Amino acid sequence: MKLTVVGGGSTYTPELVDGFARLRDVLPLEELVLVDPATDRLEPVAGLARRIFARQGHDGRIVTTSDLDRAADGADAVLLQLRVGGQAAREQDETWPLECGCVGQETTGAGGLAKALRTVPVVLDVADRVRRASPHAWIIDFTNPVGIVTRALLRAGHKAVGLCNVAIGLQRKFAALLGVAPAEVHLDHVGLNHLTWETAVRLGGPEGKDVLPDLLAGHGDTIAEDLRLPRPLLDRLGVIPSYYLRYYYLHDKVVEEMRTRPSRAAEVAALERELLTLYADPALDEKPALLARRGGAHYSEAAVDLAAALLGGEGSAYQVVNTFNRGTLPFLPDDAVIEVQAAVGPRGATPLPVPSVGPLLAGLMANVAAYEDLALDAALHGGRDRVLRALLAHPLVGQYEYAEALTDRLIAHNREHLAWA
Ligand code: G6P
Ligand code: MN
């Protein structure tokens with residue numbers, strides 16, 4: 001089996017490789033290709049990757065290249081984890097929206113729109129080349145904003161599934177609190193990428209007993225603290241939102257915090273410098289503890305599980321993925337991309353039925369799904385008007401004067417990445 005990682009020079013790669021090594025029975029890799037234009041990062045990352053494989057007795061080959069077409073040739077799965085413009089562009093996304101009193105974040109709000117506009121054309125070009133080099137390959141998209149990027153891929157007819165680690169992170173956390181194995185915990189997970197809620201926490205599988213009320217009663221404070229959300233909010237909602245809902249439920253408070261702290265991009269850039277120094281040490285042959293300070297925990301387990309299921313191996317039958325709605329959530333268009341539990345196999349992902357959700361959740365989902373539609377339109381076709389329309393539709397922007405000001409800033413800060421600007 002051949003797997004290609006686009007953006008293989010990412011400091012996240014050792015997390016992935018550690019998963020490939022540990023879970024080699026689930027996903028037997030013969031060849032892992034790390035492709036990245038940044039050869040200065042690729043070599044230290046690949047060096048560590050090879051030592052991780054060697055230490056864990058994995059005999060798969062690890063190949064590096066900056067040639068995407070070669071890298072994708074004959075691949076069975078291609079994982080996208082690229083970041084157009086790197087942390088420098090992210091730093092901008094996290095900064096200029098604050099000037100208009102709006103959250104500055106890599107996937108949410110105006111910053112997330114900027115990232116979508118930079119990313120969608122690049123990912124579509126990568127996917128076209130993958131399709132030519134290996135028509136049978138599955139594309140697993142971890143590149144943000146995952147909802148919009150996956151929607152772009154699926155609308156262009158690609159064999160793609162979007163992946164995020166929020167659900168697996170909560171599954172692991174709840175399992176630990178409940179004192180059961182992670183595989184015992186099945187989440188009723190509903191929403192759009194980075195806009196999700198756990199509406200039930202079931203033991204044993206999709207038909208299992210819902211212990212969410214007990215979990216909240218017994219561990220509500222711990223969970224609230226972890227998500228950095230007020231405990232009474234969880235009790236009122238009666239469901240458990242992801243920490244990304246903080247940008248909505250506590251928007252103005254988050255903006256105040258962001259104004260007084262260094263950006264996450266600056267933190268990550270500093271972490272990456274340290275990580276790359278560690279990776280270059282020939283004595284290091286496991287993923288360093290420092291990597292846990294990035295947000296990608298359990299990304300490797302989720303990616304291995306998904307690739308294994310798509311390629312007909314031992315992956316879990318049900319997994320949380322991003323795929324077309326197709327009537328699953330009746331208040332959203334069929335071609336919206338939703339993040340829910342799905343049956344996953346070699347023919348792709350089919351969402352499990354979702355019990356009806358009330359207006360409190362459905363309203364926000366519908367609003368953000370409409371924004372995502374307009375964001376994709378702006379990413380595909382460009383133009384100031386389309387950017388403005390997407391921002392007017394975003395529930396965290398909405399106001400005309402802010403939308404105008406944010407549109408100007410978005411274009412000014414991203415000119416070099418936007419063909420039409
Ligand atoms: C989580 C999210 C990812 C996001 C990451 C950011 O893993 O699910 O979509 O990219 O956090 O982590 P970072 O370390 O880059 O802030
Ligand atoms: Mn994510």
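Only a predicted model underlies this, so the values are computations on that prediction, with no experimental measurement involved. (Residues numbered from 1 in each chain as written. Chains lettered and ligands numbered in written order. Predicted model: local features only at pLDDT ≥ 70, side-chain atom pairs only at ≥ 80, totals over all residues. Heavy atoms only, no water.)

Applying the stated rule across the entire model yields five aromatic pairs. Seen in terms of ring centroids, Tyr 12 and Tyr 299 are 6.1 Å apart; in terms of plane orientation they differ by 70 degrees. Their pairing is edge-to-face. In this pair, Tyr 12 sits in the loop between strand E1 (2-6) and helix H1 (13-22) while Tyr 299 sits in helix H13 (residues 299-310), placing the two residues 287 residues apart along the sequence. With a centroid separation of 3.7 Å and 10 degrees between ring planes, the pair formed by Phe 142 and Tyr 299 is classed as stacked. Of this pair, Phe 142 sits in the loop between strand E5 (138-141) and helix H6 (146-155) while Tyr 299 sits in helix H13; the two residues are 157 residues apart in sequence, bridging distant segments of the chain. No difference in accessibility class separates Phe 142 from Tyr 299, as the two residues are buried. (Phe/Tyr/Trp six-rings, centres within 6.5 Å; stacked < 30°, edge-to-face > 60°. Helix = DSSP H or I, 4+ residues; strand = E, 2+ residues; numbered from the N terminus. Buried < 20%, exposed > 50% of the residue type's maximum accessible area, 1.4 Å probe, protein only.)

It is worth spelling out the coordination of the manganese ion (ligand 2) at this point. Coordination sphere of the manganese ion (ligand 2), protein contribution only: Cys 164 (SG) and His 194 (NE2), at 2.2 to 2.4 Å. Of this pair, Cys 164 sits in the loop between strand E6 (160-162) and helix H7 (166-178) while His 194 is found in the loop between strand E7 (185-192) and strand E8 (195-203), placing the two residues 30 residues apart along the sequence. Here Cys 164 and His 194 have matching classes, each one buried. (Donors = N, O, S within 2.8 Å, 3.2 Å for Na, K, Ca; no water.)

Our next topic: the packing of helix H5 (residues 109-133) against helix H15 (residues 384-393). Relative to each other, H5 and H15 sit at 140 degrees, their axes nearing to 10 Å. H15 is crossed by H5, and the crossing has right-handed handedness. Side by side, H5 and H15 meet where Ala 110, Leu 113 and Leu 117 of the first sit next to Val 387, Ala 390 and Leu 391 of the second. (Axes fitted to C-alpha atoms, helices over the stretch in contact; angles between N-to-C directions. Left-handed = near helix turned anticlockwise from the far one by under 90°. Contact = heavy atoms within 4.5 Å.)

Where two cysteines share a covalent bond between their sulfur atoms, that bond is called a disulfide. A complete count under the given rule lists zero disulfides for this structure. You can see Cys 100 has no disulfide; the closest cysteine sulfur is in Cys 102, sitting 6.2 Å from it. By relative accessible area, Cys 100 is classed as buried at 7%. Take Cys 102: its relative accessible area is 4%, and that puts it in the buried class. (Disulfide = S-S within 2.5 Å.)

Right, let's talk about the UniProt feature "domain: Glycosyl hydrolase family 4 C-terminal" (unreviewed entry) in the protein for a bit. Mapped onto this structure's residue numbering, the UniProt feature "domain: Glycosyl hydrolase family 4 C-terminal" (unreviewed entry) falls at residues 190-397. From the first C-alpha to the last, residues 190-397 spans 23 Å; its make-up is 47% helix and 17% strand. (UniProt positions renumbered as here; feature names shortened; annotations may be inferred.)

For ligand 1, the set of nearby residues contains 15 residues, the closest of which are Arg 90, Asn 144, Asn 165, Arg 264 and Gly 295. Within the side chain of His 194, one N or O atom sits 3.2 Å away from an oxygen atom of ligand 1. Between ligand 1 and Gly 295, the relevant distance is 2.6 Å, taken from an oxygen atom to a main-chain nitrogen or oxygen of the residue. (Near = heavy atom within 4 Å. Polar contact = N/O pair within 3.5 Å; in protein donor to acceptor, adjacent residues only side chain to side chain.)

Where burial is concerned, most of E1 is hidden: five out of the five residues are buried. A two-sided burial pattern is seen for E1, the buried positions comprising Lys 2, Thr 4 and Val 6 on one face and Leu 3 and Val 5 on the other. The pairing of E1 with strand E2 (residues 31-35) spans five bridges and is classified as parallel. Directly across from Val 5, in E2, lies its bridge partner Leu 34. Sheet topology note: the E1/strand E4 (residues 77-80) ladder contains four bridges and is parallel. Across the sheet, the residue bridging to Thr 4 is Val 78, located in E4. (Pairing = 2+ DSSP bridges.)

Considering the arrangement of structural elements, one finds Lys 2 in strand E1. In this structure Lys 2 is buried but unpaired, with Glu 31 as the nearest side chain of opposite charge at 4.3 Å. A distance of 3.4 Å separates the side chain of Lys 2 from the backbone oxygen of Ala 71, its partner in a polar contact. (Lys, Arg positive; Asp, Glu negative; His and termini not counted. Salt bridge = Lys/Arg side-chain N within 4 Å of Asp/Glu carboxyl O.)

The subject of this paragraph is helix H11 (residues 251-260). Of the positions making up H11, those classed as buried are His 251, Val 254, Val 255 and Glu 257. All buried residues of H11 fall inside an arc of 165 degrees around its axis, so they share one side. Turned more than 90 degrees away from the buried face of H11, the exposed residues are Asp 252 and Thr 260. Lining the buried residues of H11 we find helix H10 (246-249). (Arc of directions from axis to C-beta.)

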